[in-house]
Structures are given as structure tokens and as C-alpha cells.
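Now for the letters of each chain:
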Amino acid sequence: MNFKFQISNHILAGIVIVIMCVMYSGIASAELTVNANHDYIPIDFFYHGSTVSVSGLSDAGTDLIIKITAPDGHEALNQKGKAAGFLWMNLGTLKFEHAPNLYFIHGTKKPEEILNAENMNKYIIGYPSMNKHIEITPVSNDEERTKWFNEFIRYKEASRLYTASSGQIKTTNENGMQKYYIQTDWPYQAPPGEYLVTVYAVKNKKVVEKAEAKVTVEQAGIVKALSGMAKNNGALYGIISIIAALGVGFGVGMIFGKDGGAH
Amino acid sequence: MYLYLPVALTSINILIPVGLGLAVGLLSGLFGVGGGFLMTPLLIMFGIPSTVAAATDSTQIVAASTSGTYAHWKVGNVDFKMGLHLLVGGFVGGLLGVQSIKILRAMGNADFVIKMTYVLMLGIVGTYMFIESIQSMRNKKVEESKPEKKSGFSRFLKSLPFQTHYEKSGVTHSVLVPAIFGGFVGILAAVMGVGGGFLMVPVMVYILRMPMHVVVGTSLFQILFNCIEVTFLQAYTNHNVDFILAVLLLLGSTVGAQVGAVFGRKLKGEQLKVILAVIVLVVTVKIIFELTLTPSLLLSQAGGH
């Protein structure tokens, strides 16, 4: 009886181990790492954008999605339409709530091929999930909403602040692990702020692990001084601008006058 | 070489603003216009936010009009008395115009009114100047032999009180005339978001009957003070003046204004009017195209026209 009980215990333990192994096969080992080469981008006088490369290690055979975003924000944009049936002009303002100012999404494959809809919406991966996340007002129906969401993406892509790509993440296998790497252009249009880099490891249509890094973009030197003065001391900034303009105007006038140009 | 603009929050090749400044400064020195109606849309086209473009443009106009006024003053082409009277009217008109825009924005049809005002004013002024200048170039000899015929309108102007002689311009008007027309231009300029030089020049030529060369210098003098006021208000209330962009623009525009003043003296008044009329008409056609062709993007940054 006791022997039988011991055997059944061993069988039970074996079943539990097998079940755990089966479950484990759907989860990446906790090896996902992320590193952004530029975690601090200073905006100085000669700044014309930068590059950010994201690299790290993941479990072999996992698909990856790399998302770089600004925090959710609010944006008001002029909405063009036809007035009097044929004249294109601004007809009003559309407000976009929960819209990040910057949104880059890169995948080893297209997100919709490797992730289920539930996970895409949960982690806001891809433009369709962004469509569900952003609030647009005022719109009268879903059709109109979709139209203005698509226009919003086109506007953001034209400003180089939104981009989506697949197949551009380079992966190599090393010692049973997968090394990944991608380099993206960092647009000068991206304003100062803190940006979040999130890498998602994907298996069986689900996010199994994620890792995060930060990129801080900050004004520095003369740019910071002038921007601060314009915001915090507008009167002095205005007077300095006027004096400088008058000085240059008179200066050039006198130089040309001396050379005989003005006579 | 690229420079980062701290208020516009964008990077720009320095050749673009310097080149634009040079071109628009040339027009400023030639015709006595600030060039806002050309410069602001050009800056927006090169990626400068519309609010920053309009505010910073006024700063560079301060430099270009200082340079131009100085050049014209040296050769005696500025009527300070007329300029001051126009300025008083323009200042009051500007305040009224700003209030009108506020009311129109609240009613939700500001953009329609602004765009239509642009097309109508530019179209009417450009067409009238073009036809009149061509006719007067053809008929100059015939008209010179005829005594000047006074219209009912000019008789009405002469009947107004406070008549005064403007020595530099060689004309006599009531002080109310430049003040009222200055006010009218001030309202339109505020509605359209421009300095108003291209409207003020025709008013001086056709209504005040001032000689073209004095018109250019006096218009620049008046624009200078308008733009000083606008620059200060934009910097103080809206924080939209980009100093670096303004410096790059004015490096070009001050030189351009001087070159324009030199060329201007080599051209005849009628020739100047024809060229300005053609530029105004080209801008009108461009705006009509923008209004009728489907834009590439249906969303744009809020705040501009």
C-alpha cells in the first residue's frame, strides 16, 4: 500500500515536471537585455539629429519587436477640408489625446504576423493598436475617425516622428543565444524629452518578456540658454532681438554707405 | 552647415535662411515692402512652424527696414511727417484688426476670411498696379502735355479739415487722410498677419499721390516701427521669436535691402511698379493654386493661417 503510494507520488511528480516543461517551452528564458547606445542626446548649436542603435540578447528563436516612444501627449492640429465645395482651407481643429509625439516600431517580422490582436492592443504595438489607443475629437462616426487617424499617421511620418518597419532587426546566434541589433535615425524634429525603448520577446503569438531602456534628449549650451530666455524672460528676449536687428540694420547700412553703395 | 533653432525646435541649413533673407531684402530695398507676405510662407515651406515663422519674420524685417530706411534717408527719400501720420493710423487699425480676428476665430470662419482677403487684396492691388503702370508708361508723353484733371474723390480729400503740406513728398493733404488709410491698411495687415507694405505702397502712390522713390523710403520707415512693436509683443506674449533664425535671415536681408536700394535708384518709378505688380500677382496665383489643388497632407500644425 505504502509502496503503491510512493509509486503514484513519483508518477505525479513526473507529470508535474512534464507539464512545467511543456509550459516552459512557451516562455523565453529571462535573458532579454536591451542597450541603447545613446541614452543621452544633447541638442547643441550644430545638432542635426542623431542615430540610436538598440542591441541586446534574447532567447534563441524568439521574434522581437522594438518600440521607441515618447510619453502619451495631446496634440491639436488644423484640419483641412473643402469650403464652398472647392476651396481647400483649415475648417477646424482636431484634438488627438493619448498620442505620443514619437512612435517607432521595428519588428523581426510584421507585428500582426507574430502577435495576436489582444497582445498588440495591450502593449500598443503597431498602428492598428495605436488607432484604438488614441482619442480623436470631434469626429462624427467611425469612418471619419479612421480617415483622420490615417491622416494623422501620414502627417507624423512626413515629420519623421512615426515609423514602422519589419525585417530590419539584425539577429545572430551565439552560444545558444540570439544577439539582435538595429540602428535608427534619430530625427532632429524630435523635441527634448525622455523617450522609452522597449524590446518585446515574442513566441507563440504572445509577448513572453520585455526589457526597457531610456533615451534622454536635452538642450545644451547656447540652445538651452536662448530657449530658456525666450520662455522665461520674454520681454528681455524681445528687447535684445530688436536691439540686435536695429544694430545689424544700421551696421550694414553704414558699411554700404561708407563704400558708396547707398549713394 | 546646419544650425539648430532653439525656439523653432528644428535644424536648418544656414544657406536657406540667409538666401531667403537676401532675396526678400532685395525686394524690400527695391519696393519698400517688408516682404512678410513672401517670407512667412517660404519659411513654413522649409519646415519652420507657422507661428515661429510669422514672429521671427517681423524681427528680420526690423533689420531689413532699418537698413533700407537708412539707405533711403541718406538720399533724402523718407517723408518722416507722412510716415508718422500713417503710423498713428496703422497702430489703431492694427489693434482693431487683431480684435476682428479674435471675433472671427470665435465664430469659426477666420481662415476663410483671411484667405479670401489675401486673394482679393493681392489680386486687386496687383492687377490695378500692373494695368495702371503699363498705361502710364505708354501714355506718359500724352499725359505730361495735359493738365492734371481732378476727380471727385480728390476734391473730397481736399475739402477735409487739417490740411497740411508734406514737403518731402510735395503733396498737401488733411492729416486725416494718411491716418484713415493707414488705419485701413493696419486692419487688413492684422487680419492677414503681414506688415502691410504691399498695401501701403499703392495707398501712397495712388491715393496720397506721393512720388515712387519717397514712397519706398517712407513705407520702410513705417514698417520699421510696426515690426518693432510686433516683435516685442510676439516675444513677450507668445515666445515665438527665434533669435538664431532671425540673425540668419537678417544677415541676408540687410545686405539685400542695400542692394535693392541701389538697383531701385537705377529703375524708373513705373518700372518698379510693374515689377512689384508682377510679384504680387504671382503670389496671388500661388495662393489660388493652394486653395484649389488637393493638399498632400490634410493636417497641419495649429496656430498658423
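Residues numbered from 1 in each chain as written. Chains lettered and ligands numbered in written order. Predicted model: local features only at pLDDT ≥ 70, side-chain atom pairs only at ≥ 80, totals over all residues. Heavy atoms only, no water.

Asker: What am I meant to see in the packing of helix α1 (residues 15-31) of chain B against helix α11 (residues 243-266) of chain B here?
Answerer: Each pair of packed helices gets described by two things: the angle between the helix axes and the distance between those axes. Residue and element names in this part refer to chain B. Closest axis-to-axis distance for the α1/α11 pair is 6 Å, and the angle between their directions is 35°. Of the two possible hands of crossing, α1 and α11 adopt the one that is right-handed. Taken together, the residues of the contact of α1 with α11 break down into 13 nonpolar, eight polar and no charged. (Axes fitted to C-alpha atoms, helices over the stretch in contact; angles between N-to-C directions. Helix = DSSP H or I, 4+ residues; strand = E, 2+ residues; numbered from the N terminus. Left-handed = near helix turned anticlockwise from the far one by under 90°. Nonpolar A, V, L, I, M, F, W, Y, C, P; charged D, E, K, R; others polar.)

Asker: Looking at this structure, I do not really get the packing of α1 of chain B against helix α2 (residues 36-45) of chain B. What am I missing?
Answerer: All names here are of chain B. At a minimum axis distance of 10 Å, the contact between α1 and α2 shows a crossing angle of 165°. In terms of orientation, α1 lies roughly antiparallel with respect to α2. In the packing of α1 onto α2, the handedness of the crossing is right-handed. Two secondary-structure elements touch here, α1 through L20, G21, V24 and L27 and α2 through L38, M39, L42 and L43. In terms of residue class, the contact of α1 with α2 is built from seven nonpolar, one polar and no charged. (Parallel < 35°, antiparallel > 145°, perpendicular 65-115°, else oblique. Contact = heavy atoms within 4.5 Å.)

Asker: When you look at the pairing of strand β5 (residues 72-83) of chain A in this model, what are you seeing that I'm missing?
Answerer: On a regular strand, each side chain points to the face opposite its neighbour's, so the side chains alternate between the two faces of the sheet. As paired elements, β5 of chain A and strand β6 (residues 87-100) of chain A share twelve bridges and run antiparallel to each other. In the strand pairing of β6 of chain A, K82 of chain A is matched with W88 of chain A. With three bridges joining them, β5 of chain A and strand β5 (residues 299-301) of chain B adopt antiparallel strand pairing. Opposite N78 of chain A, over in β5 of chain B, you have S300 of chain B as the bridge partner. (Pairing = 2+ DSSP bridges.)

Asker: Would you take a moment to explain the pairing of strand β10 (residues 170-174) of chain A for this structure?
Answerer: Residues and elements named next belong to chain A. Bridging between β10 and strand β11 (residues 177-186) involves five bridges; their strand directions are antiparallel. Residue pairing in the sheet places E174 in a bridge with M177 of β11. Turn length for the β10-β11 hairpin, with the two strands adjacent in sequence and antiparallel, is two residues, and the turn residue N175 shows positive phi of about 50°.

Asker: Honestly, the interface of chain A and chain B in this entry has me stumped. Any pointers?
Answerer: Bring the parts together and some accessible area is lost; that lost area is often taken as the interface size. Counting residues at the interface gives 56 residues for chain A, matched by 56 residues for chain B. Considering only the surface of chain A that becomes buried against chain B, N78, W88 and I242 of chain A emerge as the three largest contributors, covering 13% of it. Linking chain A to chain B there are zero salt bridges. If you look at where chain A meets chain B, you find eleven residue pairs in polar contact (both at pLDDT 80 or more). Where the side of chain A that touches chain B is concerned, the elements lending two or more residues are β5, β6, α5 (142-158), α6 (221-232) and α7 (234-258) of chain A. Counting residues per element, the side of chain A that touches chain B draws most heavily on α7 of chain A, at 18 residues. Looking at the side of chain A that touches chain B residue by residue, the class counts come to 37 nonpolar, 13 polar and six charged. (Buried area = accessible area lost by both parts, 1.4 Å probe. Salt bridge = Lys/Arg side-chain N within 4 Å of Asp/Glu carboxyl O. Polar contact = N/O pair within 3.5 Å; in protein donor to acceptor, adjacent residues only side chain to side chain.)

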